Structures are given as C-alpha cells and as structure tokens.
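Descriptive analysis of the structure
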Amino acid sequence: MRVGLLVTTYERPDALARVLDSVARQTRAPDVVVVADDGSGAATAAVVAGFAARSAAPVLHVRQPHAGFRVARVRNLGLAS
C-alpha cells in the first residue's frame, strides 16, 4: 500500500518546519509528501527545499498566488499533482 501526505500552509514556515520534522521521525514514512502552499513567501519555500533535500520520499511543492483564503483550492491542486 502506498501512503501520501498532503500538508497545507500559508506564511507559517515555523509551523511547517515542525510538521515536516515530525514527518521525518515517523516509523512508516510516506511515499510522497505534497506541500500545498496558498501563496507564502521565500521562507516557506526554503523550509520545503530543506526538507526535500533530506527526505527519502519525493517532495512536491505546489503553490498558488495568494488571493485571500483559498485553502480548498490549493488542497485540490496538491491532490491533482
């Protein structure tokens, strides 16, 4: 069985880093990690890139421009990736 993880985020690189650190410590790592980003800045991209560099699983960073609270849309983009 394959397991994927989708994490939504917006301008909270500190919280995202903690979530991804937790993912790295899991006994059963996901087969793919998708970070669905609702238009965050460079700090969030750096957190994702750092995690991707040390992750055994593929990490996808799906991003949409920020235009208000559109978490459902970015989640759907992440699922489609």
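Points about the pattern of salt bridges
Taken as a whole and judged by the stated rule, the model has three salt bridges. The salt bridge partner of aspartate 14 is arginine 12, with a shortest N-O separation of 3.0 Å. With a relative accessible area of 39%, aspartate 14 lands in the partly exposed category. Residue class for arginine 12 comes out partly exposed when judged on its relative accessible area of 42%. A salt bridge links aspartate 21 to arginine 54, with the nearest nitrogen and oxygen atoms 2.7 Å apart.

Considerations on the confidence of the model for the protein chain
Interpretation of this model should avoid reading the predicted coordinates in detail wherever pLDDT is low. Overall, the predicted model of the protein chain reaches an average pLDDT of 95, with 100% of residues at or above 70. Across the protein chain, element-level confidence peaks in helix H2 (residues 42-54) with a mean pLDDT of 98 and bottoms out in helix H3 (residues 71-80) with 92.

A word on the sheet that holds strand E3 (residues 59-63)
Within the open sheet, the three strands sit side by side as E1-E2-E3. Their pairing is parallel. Only two strands of the sheet have a single neighbouring strand rather than two, namely strand E1 (4-9) and E3. Taking the axes of each pair of neighbouring strands and ignoring which way they run, one obtains an average angle of 20° across the sheet. Relative to E3, strand E2 (residues 32-37) runs parallel, the two being bridged by five bridges. The residue bridging valine 34 from the neighbouring strand is leucine 60, located in E3. Contacts between H2 and the sheet are confined to E1, E2 and E3, with E3 contributing the most and set at about 165° to the helix.

Some thoughts on the packing of helix H1 (residues 13-24) against H2
Where H1 contacts H2, the axes come no closer than 9 Å and their chain directions differ by 15°. Between H1 and H2, the angle is such that the two are roughly parallel. In the packing of H1 onto H2, the handedness of the crossing is right-handed. Judged by residue contacts, Pro13, Leu16, Ala17, Leu20, Asp21, Val23 and Ala24 of H1 engage Ala43, Thr44, Val47, Val48, Phe51 and Arg54 from H2. Residues that form the contact of H1 with H2 fall into these classes: ten nonpolar, one polar and two charged.

About the thresholds
- Residues numbered from 1 in each chain as written.
- Predicted model: local features only at pLDDT ≥ 70, side-chain atom pairs only at ≥ 80, totals over all residues.
- Heavy atoms only, no water.
- Salt bridge = Lys/Arg side-chain N within 4 Å of Asp/Glu carboxyl O.
- Buried < 20%, exposed > 50% of the residue type's maximum accessible area, 1.4 Å probe, protein only.
- pLDDT = per-residue confidence, 0-100.
- Helix = DSSP H or I, 4+ residues; strand = E, 2+ residues; numbered from the N terminus.
- Pairing = 2+ DSSP bridges.
- Axes fitted to C-alpha atoms, helices over the stretch in contact; angles between N-to-C directions.
- Contact = heavy atoms within 4.5 Å.
- Parallel < 35°, antiparallel > 145°, perpendicular 65-115°, else oblique.
- Left-handed = near helix turned anticlockwise from the far one by under 90°.
- Nonpolar A, V, L, I, M, F, W, Y, C, P; charged D, E, K, R; others polar.

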